[in-house]
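# Chain and residue survey
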Amino acid sequence: IYSYAIIDGEHYVADAESLALAVKEGATEINLLPEEYDVYGCGGKNLVLNGREEVVFKIMNDGEAGLDAAFDGSTVTFNNITFNTLNNTGSYKGYTRLTGIYNNCNFIGEYCSSNNTHTFNNCTFDTRNGYFWTWGATSVTFNGCEWGTNSKAILAHGGANTVININNCKFNAKEKGYTGAGDWTSVVEIDPAGSNLYTINFTGENTKTEFYSGWTRVKDGSTGHIINGL
């Protein structure tokens with residue numbers, strides 16, 4: 001039996017062990033108390049996880065170049081949760097083989113959507129000197145999201161053809177960013193692996209500060225990418 005607290009008639013788990021036990025026992029919608037969680041044991045499920053105040057998920061390196069297997073093969077809706085990758089020493093800082101919907105979530109440090117589809121609604125991204133990386137995802141959607149970092153907010157790079165939808169987002173870089181070759185970066189940097197192609201759809205009212213070289217830039221000179229809405 002997992003441990004929990006009752007607040008206003010609702011059950012809340014308070015640590016990663018209790019979360020894993022609740023999932024094992026068949027819970028599909030779980031409330032979380034303010035705490036740092038190094039999540040494990042939540043793979044292969046359909047879940048809704050509800051944060052309360054300062055709920056932080058630490059995305060750790062599980063030996064797969066930075067990928068965390070906590071939700072391997074799961075479809076998860078995350079509500080009001082902060083994701084922190086600052087202590088992840090790998091290259092791919094994210095959850096492996098996860099399909100995710102993120103509502104009112106915060107991201108601290110780089111984040112990598114390694115597979116499947118991901119939708120971010122009203123989320124904030126403080127990627128520090130890094131970026132959001134679309135590695136392996138077939139579709140990534142940002143609705144009403146906000147970035148506060150240096151330029152290059154999104155890196156379109158990886159092992160799949162990917163559609164990126166950007167709707168009513170704010171890109172608030174406070175300084176220019178540069179590639180290793182010294183090129184001034186854009187909001188979306190397109191650098192596909194192999195022959196993969198990217199479709200970038202801009203809708204609604206998106207804004208960016210002057211510290212970006214533009215909305216999109218193809219780093220490797222490849223062709224066939226589709227940019228809509230500019």
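I will try to describe carefully the structure that is included in this document. Bear in mind that the values here come from a model prediction, so they are computed numbers and not experimental data.

### A short note on helix H1 (residues 16-24)
An α-helix turns once per 3.6 residues; consequently, residues spaced three or four apart project the same way. Where H1 is concerned, the buried positions are Ala16, Ser18, Leu19, Ala20, Ala22 and Val23. Where H1 begins, the side chain of aspartate 15 points an oxygen toward the backbone nitrogen of glutamate 17, at a separation of 3.3 Å. One or two positions beyond H1, positive phi appears at glycine 26, with a value near 105°.

### Considerations on the pattern of salt bridges
According to the stated counting rule, one finds six salt bridges in the structure shown. Residues glutamate 36 and lysine 58 are paired through a salt bridge, measuring 3.8 Å at the closest nitrogen-oxygen approach. Of this pair, glutamate 36 sits in strand S4 (residues 35-37) while lysine 58 sits in strand S6 (residues 55-58), placing them 22 residues apart in sequence. A residue is classified by how much of its surface remains accessible, and glutamate 36, at 47% relative accessible area, is partly exposed. For lysine 58, a relative accessible area of 26% puts it in the partly exposed group. Notably, a salt bridge pairs aspartate 126 with arginine 128, separated by 3.0 Å at the nearest N-O pair.

### With respect to the sheet that holds S6
If you walk across this open sheet you meet the eight strands as S4-S6-S9-S12-S15-S18-S21-S24, and the pairing is parallel. Edge strands, defined here as strands with exactly one partner in the open sheet, are S4 and strand S24 (207-208). Bridging between strand S12 (residues 106-108) and strand S15 (residues 124-126) involves three bridges; their strand directions are parallel. Residue pairing in the sheet places asparagine 106 in a bridge with threonine 124 of S15.

### Brief notes about the sheet that holds strand S16 (residues 132-133)
Reading across the sheet, the five strands line up as S13-S16-S19-S22-S25 and stay open at both edges, with parallel pairing between neighbours. In the strand order of this sheet, the two ends are held by strand S13 (111-112) and strand S25 (216-218), each with one partner. In this sheet, S16 lies alongside S13 in parallel orientation, the contact comprising two bridges. Looking at S16, one finds that tyrosine 111 is bridged to phenylalanine 132.

Criteria and thresholds
- Residues numbered from 1 in each chain as written.
- Predicted model: local features only at pLDDT ≥ 70, side-chain atom pairs only at ≥ 80, totals over all residues.
- Heavy atoms only, no water.
- Buried < 20%, exposed > 50% of the residue type's maximum accessible area, 1.4 Å probe, protein only.
- Helix = DSSP H or I, 4+ residues; strand = E, 2+ residues; numbered from the N terminus.
- Polar contact = N/O pair within 3.5 Å; in protein donor to acceptor, adjacent residues only side chain to side chain.
- Salt bridge = Lys/Arg side-chain N within 4 Å of Asp/Glu carboxyl O.
- Pairing = 2+ DSSP bridges.

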